[in-house]
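# Notes for the structure review
These are the residues of each chain, in order.
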Amino acid sequence: MTEIEKLDGYFRAANYISACQLYLLDNPLLKRPLVKSDIKRKIVGHWGTVPGQNFIYTHLNRIINKYDLNMIYISGPGHGGNFMIANTYLEGSYTEKYPNITMDELGLKKLFRQFSYPGGVPSHVAPETPGSIHEGGELGYSLAHAFGAAFDNPSLIVACVVGDGEAETGPLATSWHGAKFLNSKTDGVVLPILHLNGYKISNPTIFSRMSNKEIASFFYGCGYTPYLVEGDDELLMHEKMAATLDKVIYDIRKIKSEDSSDNVRWPMIILRTPKGWTGPKEVDGKKIEGSFRAHQVPISMEKEEHMKLLEDWLRSYRPEELFDENGTLIKELRGLCPKGDRRMGANPNTNGGLKRVPLIMPNFADYKVDVNNPGSVKKQDMLVLSTFIRDIFKLNEDNKNFRIFGPDETMSNRLYSVFDVTKRDWQLKIEDNDEDLSKTGRVMDSMLSEHICEGMLEGYLLTGRHGFFASYEAFIRIIDSMAAQHAKWLKVCNEIPWRKPISSLNFLLTSNVWQQDHNGFTHQDPGFLDHIANKKVDVVRMYLPPDANCLLSCMDHCLKSKNYVNVIIASKHPSYQWLNMDEAISHCTKGIGTWDFVSNDPNPEIIIACSGDTPTLEAIAATKILKEYVPNLKIRFINVVDLMKLDSTTKHPHALTDGAYDSLFTADKPIIFAFHGYPTLIHELTYFRHNHNIHVHGYVEEGTITTPFDMRVKNKLDRFNLVIDAVNNLNLGDLGTRIINDMNDML
């Protein structure tokens, strides 16, 4: 066989296995004519993107072998997971992960049966798929993941296939600029391959209706050298793609070898092939190949004549030439597969836990705020934290496995000290009046896109590194869905033995709802907590440290953790400090506890509880007022750092037992709870607790440009409204009336 013939044979084998996964329960090698019992009752899956991706994977295998490349594959188009399963099966990495799927006729039968089938495997590229770091469900993040994977990975090439439908999403449309943050010496390479097959589910795609000249101009303007590969004749296309990829590797090596990293134009490929290429040309009198009808299953199997159409289609790949009598890929074609870790389905970068090196962490207690008496000193919690983060950069300089991400908010979020040891990543021209920009910077905040910063961080974590996303609390809502998708990924990974744990996805949210005196209503939204609280309990954690020492303890814990989505809500403005470091460590370790310096009796008449920095301040002030008016009132004060300690609905591993909860909150005494976010979240978390005598104050969508204290008043989180609520739940007679009148006068 010539090289082109081998490439075509491998391409046919991948297409055959991909198509059979859609349809077949039995008769995997077509050793007899198809019958009804060979076919799945419900045909579920996608075909349109599959042959084009099989073509790409085939040719990437060729250049991996030819140039000994360290390469991984990211599949951006939505569904079409059968292509990735087919290719990892052919190269052997699938069977290594799933030994029951043997590389013979019986293994093929099992492989086909399980696809998109009850109790089987998903129809998209998923955590179960070897070689994947990108979920093929929600569109738009493939390139951001690719760039994140390439940072600090100088030998890696990330081949990222972008579907032309996916290319129309907002996150993907801005991701093309990610190349402007790759350092040609210290980072790897992202090779975007825009797959233009012409259609989405039932509409044409925008790029596919643009001329080649227009598309080339577009991507040249984005900073790329675009190469076009176009056609539908398989043998000619193999020649074109092989020649193009040789040019691409030449370009990459030339860029990597040059002394200067200025004005780099990375190569990319624009691949035009018909949607559903090599599939049925026409079914029931309607065009399939090259139309939107090829998007999902090209033959519905609803009519008798469909059986012959299916069999003719599958036999067109000539499986008898590709597999031996036992159902094993013939030796000549097996030789096209890379070996060992060079196989894209076995590359350790796609199972990041294999490459993860723990962070070298300073002792967070060394950065403590000295608190001799609670509330005796004010500090900016985020400024204190920034010195700790600075030294994490210092200690991990040699490993180069730590970055922070955020949309141009690092300074605003008071992480000033990190710029003492590193700068912002910026690969374009640097002007004299720019500040803290560098081609070797490790702060990823020069791209004003939450989507891209989040996607890059996810790609960085998924390939074995560490980091966190620092954001304004209100605008983290922009990536709600991305956080949810990552949580789903981790949930499934926890059920897959060969998936090794990766560093947690950490969100550090500041500029929070109670600190927006100059920004106003648009910047006031604490709802990310509600969103995360609904995810699987083995994945999500939420922390609301009340002061700097608690913030240091929480951040240290989160950065050391694995396979979680952690959310920390922090203050960046001057605020009172309550606990010394020993107390903070004890409190954060427990996640919830009584503060004796505010409480006054072990047998309380009322519970004052709080969670969050501002609610803690107001709850302490309210308790002080109550003690002044009613000196004999028995009060227990509880602060909650770990929000899931309250949970009663999902059996969260951090949740208090009912006995422990009742020992803190009692079974029936009134609870006045000052909360950082929406009150309904506390009600939801405590729904099955015994004590329903709970009255929650939090954010109720009242806001404007005003003072921080007025914000609390508008939402009835202030000390005076807390006192009024407490009095209304106590039998204080005339004294109670006087207290309420005095509080209303203060308001």
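So, here's what we can say about the structure. Each chain has its residues counted from 1, following the order in which its sequence is written. For a predicted model such as this one, the threshold for reporting local features is a pLDDT of at least 70, and the threshold for listing and counting side-chain atom pairs is 80 or more; totals across whole chains, interfaces and linings nevertheless cover every residue. Only heavy atoms go into the side-chain values, all of them from the structure, while hydrogens and water stay out.

### What to know about the overall build of the chain
Only DSSP runs of H or I covering at least 4 residues are called helices, and only runs of E covering at least 2 are called strands; the numbering of each starts at the N terminus. Looking only at helices and strands, the chain has 24 helices and 22 strands in total. For the chain, the C-alpha radius of gyration of 29 Å lies close to 27 Å, the compact-globule estimate for 747 residues. Projected onto its principal axes, the C-alpha coordinates of the chain cover approximately 95 × 65 × 40 Å. We call two residues in contact when some of their heavy atoms are within 4.5 Å. For the chain, the share of sequence-separated contacts (at least 6 apart) that also reach a separation of at least 24 residues comes to 76%. Under the counting rule used here, the positive set is Lys and Arg, the negative set is Asp and Glu, and His together with the chain ends is not counted. Positions of charges follow a simple convention, taking NZ of Lys, CZ of Arg, CG of Asp or CD of Glu. In the chain, the 81 positive side-chain charges and the 93 negative ones have mean positions that sit 4 Å from each other. As defined in this context, the radius of gyration uses C-alpha atoms, and a globule is described by 2.2 Å times the residue total to the power 0.38.

### Things to note about the nonpolar core
Side-chain atoms within 4.5 Å are what join buried Ala, Val, Leu, Ile, Met, Phe, Trp, Tyr and Cys residues into a set we call a nonpolar core. Relative accessible area decides the class of each residue, using a 1.4 Å probe on protein chains only: under 20% of the type maximum gives buried, over 50% gives exposed, and in between gives partly exposed. Ile-17, Trp-176, Phe-507, Leu-646, Phe-665 and Phe-673 are the most contacted members of the largest nonpolar core, which has 170 residues in total. With 12 residues, helix α1 (residues 3-23) is the largest single contributor of residues to this core. Residues in contact with Ile-17, not counting those within four places in the same chain, are Ala-86, Tyr-89, Leu-90, Leu-108, Leu-111, Phe-112 and Phe-323. Counting 72 residues, the second largest nonpolar core, distinct from the first, contains Trp-595, Tyr-678, Tyr-699 and Leu-722.

### What about a negative patch on the surface?
Patches were defined on residues exceeding 30% relative accessible area and lacking a salt bridge, with like-charge contacts within 9 Å and nonpolar side-chain contacts (Val, Leu, Ile, Met, Phe, Trp, Tyr) within 5 Å. For the area figures, the Shrake-Rupley method with a 1.4 Å probe applies, and any residue is considered shielded solely by the protein chains shown. The salt bridge definition used is simple: a Lys or Arg side-chain nitrogen within 4 Å of an Asp or Glu carboxyl oxygen. Together, Asp-232, Asp-233, Glu-234 and Glu-239 make up a negatively charged patch on the protein surface. Within the element layout of this structure, Asp-232 appears in the loop between β4 (224-230) and α9 (234-257).

### Comments concerning the pairing of strand β13 (residues 466-472)
By the criterion of burial, β13 is predominantly enclosed, with 7 of the 7 residues buried. If DSSP finds at least two bridges between two strands, the strands pair. In the sheet, strand β9 (residues 402-405) pairs with β13 via 4 bridges, with the strands oriented parallel. Bridged to Arg-403 within β13 is Gly-467. Where β13 and strand β14 (residues 505-510) come together, 5 bridges link them in parallel fashion. Across the sheet, residue Tyr-472 finds its bridge partner in β14, namely Thr-510.

### Topic: the sheet that holds strand β2 (residues 156-163)
Reading across the sheet, the 5 strands line up as β1-β2-β3-β5-β4 and stay open at both edges, with parallel pairing between neighbours. Strands with a single pairing partner mark the edges of an open sheet, and in this sheet they are β1 (70-75) and β4. Recorded for the sheet is a direction-independent mean angle of 20 degrees between the axes of neighbouring strands. Sheet topology places strand β3 (residues 189-196) next to strand β5 (residues 266-272); 4 bridges connect them, and they run parallel. A fitted line through C-alpha atoms represents every axis, and for helices the fit uses only the stretch in contact; the resulting angles, taken between N-to-C directions, go from 0 to 180 degrees.

### Quick notes on the environment of Val-158
The topology assignment puts Val-158 in strand β2. Between the C-alpha atoms of Val-158 and Glu-618, which are 460 residues apart in sequence, the distance is 51 Å. Beyond its immediate stretch of four places on either side in the chain, Val-158 contacts Ile-72, Ile-74, Ala-146, Ala-149, Ala-150, Val-189, Val-190 and Leu-191.

### Description of the packing of aromatic side chains
Each pair of aromatic rings is reported with the distance of its centres and the angle of its planes. To pair, rings of Phe, Tyr and Trp, with the six-membered ring standing in for Trp, must have centres within 6.5 Å; the planes then decide the type, stacked if under 30 degrees apart, edge-to-face if over 60, and tilted in the middle. Under the definition given, this model contains 34 aromatic pairs. Here a set of aromatic residues connected by ring pairs shows up, and it is made of Trp-176, Phe-207, Phe-218, Phe-219 and Tyr-224. Remark: a charge is flagged as sitting over a ring if the NZ atom of Lys or the CZ atom of Arg is within 6 Å of the ring centre and within 35 degrees of the ring normal. Looking at Lys-97, its charged tip hangs above the ring of Trp-498, at a distance of 5.3 Å from the centre. Above the face of the Tyr-564 ring, Arg-541 is positioned so that its terminal group lies 4.1 Å from the ring centre.

### Quick word on the packing of α1 against helix α10 (residues 305-315)
Between α1 and α10, the least distance of the axes is 10 Å, while the angle of their chain directions is 155 degrees. Classified by the angle their axes make, α1 and α10 are roughly antiparallel. The crossing of α1 and α10 is left-handed. Contacts between α1 and α10 involve Tyr-16, Ala-19, Cys-20 and Tyr-23 on the former and, on the latter, Leu-310, Trp-313 and Leu-314. In the scheme used here, Gly and all other residues not listed as nonpolar or charged are polar, with Ala, Val, Leu, Ile, Met, Phe, Trp, Tyr, Cys and Pro taken as nonpolar and Asp, Glu, Lys and Arg as charged. In terms of residue class, the contact of α1 with α10 is made up of 7 nonpolar, no polar and no charged. Note on terminology: angles under 35 degrees are roughly parallel, angles over 145 are roughly antiparallel, angles of 65 to 115 are roughly perpendicular, and the others are oblique. Each crossing gets its handedness from the near helix: less than a right angle anticlockwise from the far helix is left-handed, clockwise is right-handed.

### Some thoughts on the sheet that holds strand β22 (residues 694-697)
If you trace the 5 strands from one edge of the open sheet to the other, you get β18-β20-β19-β21-β22, paired in mixed fashion. Edge positions in the sheet fall to β18 (592-594) and β22, since each has one partner strand and no second. With strand direction ignored, the average angle separating the axes of adjacent strands in the sheet is 20 degrees. Taken strand by strand, helix α20 (residues 658-665) contacts β18, β19 (606-611), β20 (635-640) and β21 (671-675), and its axis lies near 130 degrees from that of β20.

### Examining helix α13 (residues 381-395)
Expected span of a helix, by definition, is 1.5 Å for each gap between consecutive residues, and there is one gap fewer than residues. Between its terminal C-alpha atoms α13 stretches 22 Å, which fits the 21 Å expected from 15 residues at 1.5 Å a residue. The buried count for α13 comes to 11 of 15 residues, which makes it a mostly enclosed element. For α13, the set of buried residues is Asp-381, Met-382, Val-384, Leu-385, Ser-386, Phe-388, Ile-389, Arg-390, Asp-391, Ile-392 and Phe-393.

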